[in-house]
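Listed below, chain by chain, are the residues.
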Amino acid sequence: MASKIVGLGMYAPPKKMTNQDLEKLVETSDSWIMERTGIKSRRIAELGAANSDMGFLASQKALADAGVRAEDIDLIVVGTCTPDMPLPSTACFIQKKLGARNAFALDLNAACSGFIYALSVADALIRAGRGRKALVLGSEILSSVTDYTDRATCILFGDGSGAVVLAECPEGDGVLSCHLHSDGNLWELIHCPGGGTVNPLTPDLISRRMIYIRMQGNETFKHAVTKMVDVAQKALAHNGCTIDDVALFIPHQANLRIVSAVGKRLGVTPDRVFVNLERYGNTSAASVPIALAEAKAQGRIRPGDLVLLVAFGAGLTWGSALIRM
Ligand code: UT7
């Protein structure tokens, strides 16, 4: 058996942070942010909000869309780098909130590639017979690790959650392939140095702002473009497809210039590239499932369509999934 997406849902907190709001926090401008990133605003969770609350709401919508009951879910896999707590997993909190009492639940951290990694793991577990129905999420409160004194990063990030229900299907339908890659040698390009075992949480660590994401934007940009193109091409070659067979290309929503460069190199026409980053910014693992749910809601994906998902993030990690909807 293979696995297929049978339901989609997303949630973004109502509070908006616009470029004009950021102009009041750091030395930046709406025109710089628009020109360099394409982002106009992002959604920000209330201080102290739980990632699992957003994940719960996105999951409820995905379950309703699929017509599946929470107790029929066998496994929950959450891609996140901003969990509710170091332990237990955010997936266990979502399980509790949903009443998905028959599921086993786990988190997985592949940063912005988290959803594609989670999808790949859930698909493999279904193929291995470890379950028949899965909830797969990408869910983040990036504002909790964003330094709002660093203009190079705070303009990018937002919060949100996307969920899909994955169910057994015959081979040749649903998730046709997943390709995953990592390169830990390049960890310094995007990282959050504090709060783990290397730099345990102390008042000094907080005062040195080590609990926030640090990024070498320019270098990261170059890797994002080349690696997303490469892994997208791997997905197409593996399935004997060309980009013209793809109804919709959904890349990680990091930066409009990255999305455009990747689309151009792949030769996909702009009308088949999904973009919503102007409203959400970069929501890390949540970006691809939020985009997927919005694309479906907007009627841009029809049953039988081929959809190509591609992501890239800290690790470095990157991956692609080719899906028959
Ligand atoms: O989610 C996966 C991983 N993340 C990404 O894929 C993000 C990849 N990187 C990027 O999106 C871009 O590199 C950024 C948007 C972060 C930065 O854009 P850039 O075109 O690479 O700018 P830059 O870092 O080369 O900086 C150019 C200039 C610098 O000034 P100087 O040194 O030339 O005087 C920066 O200090 O722009 C300055 N700058 C800003 N100016 C106004 C940096 N941030 C800002 C800002 N407002 N917010």
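Residues numbered from 1 in each chain as written. Predicted model: local features only at pLDDT ≥ 70, side-chain atom pairs only at ≥ 80, totals over all residues. Heavy atoms only, no water.

**Re the side chain of serine 139**
Spelled out, the test is: Helix and strand labels come from DSSP, where a helix needs a run of H or I of at least four residues and a strand needs a run of E of at least two; each type is numbered from the N terminus. A 1.4 Å probe rolled over the protein chains alone gives each residue an accessible area, and that area as a share of the maximum for its type sets the label: buried under 20%, exposed over 50%, partly exposed in between. Under the rule applied, a polar contact is a pair of N or O atoms within 3.5 Å (in protein, one hydrogen donor and one hydrogen acceptor; residues adjacent in sequence only if both atoms are side-chain atoms). We call two residues contacting when some pair of their heavy atoms lies within 4.5 Å.
Counting through the fold element by element, serine 139 comes out in strand E6 (residues 133-141). You can call serine 139 buried: its relative accessible area is 0%. One polar contact links serine 139 to asparagine 51, side chain to side chain, over a distance of 2.5 Å. If sequence neighbours within four positions are ignored, serine 139 has contacts with Asn51, Met54, Gly55, Val78, Gly79, Thr80, Thr82, Gly160, Ser161, Ala285 and Ala286.

**Focus: the sheet that holds strand E1 (residues 2-11)**
Defined as follows: When DSSP finds two or more bridges between two strands, those strands count as paired. Throughout, an axis means a line fitted to C-alpha atoms (over the contacting stretch in the case of helices), and angles, computed between N-to-C directions, take values from 0 to 180 degrees.
With respect to topology, five strands assemble into an open sheet ordered E1-E7-E6-E4-E5, the strand pairing being mixed. What marks the edges here is a single partner per strand, and that holds for E1 and strand E5 (104-108). Ignoring strand direction, the axes of neighbouring strands in this sheet form an average angle of 20°. Relative to strand E7 (residues 159-169), E6 is paired through nine bridges, and the arrangement is antiparallel. Within E7, the position partnered with isoleucine 141 by the bridge is aspartate 159. Against the sheet, helix H3 (residues 51-66) touches E1, E6 and E7, its axis set at about 125° to E1.

**Here we look at unusual backbone geometry**
For the bond running from leucine 87 to proline 88, omega is 0°, close enough to zero to count as cis. Within the element layout of this structure, proline 88 appears in the loop between strand E4 (75-79) and helix H4 (90-98). The residue after glycine 315, namely leucine 316, is reached through a cis peptide bond having omega -10°. Structurally, leucine 316 can be placed in the loop between strand E12 (306-313) and strand E13 (317-324). Phi at alanine 111 is positive, roughly 50°, even though this residue is not glycine. Positionally, alanine 111 belongs in the loop between E5 and helix H5 (114-127). Look at serine 284: it is not a glycine, yet its phi comes out positive at around 55°. The class for serine 284 is buried, based on a relative accessible area of 1%.

Without other data, these values stay purely geometric and don't point to any function.
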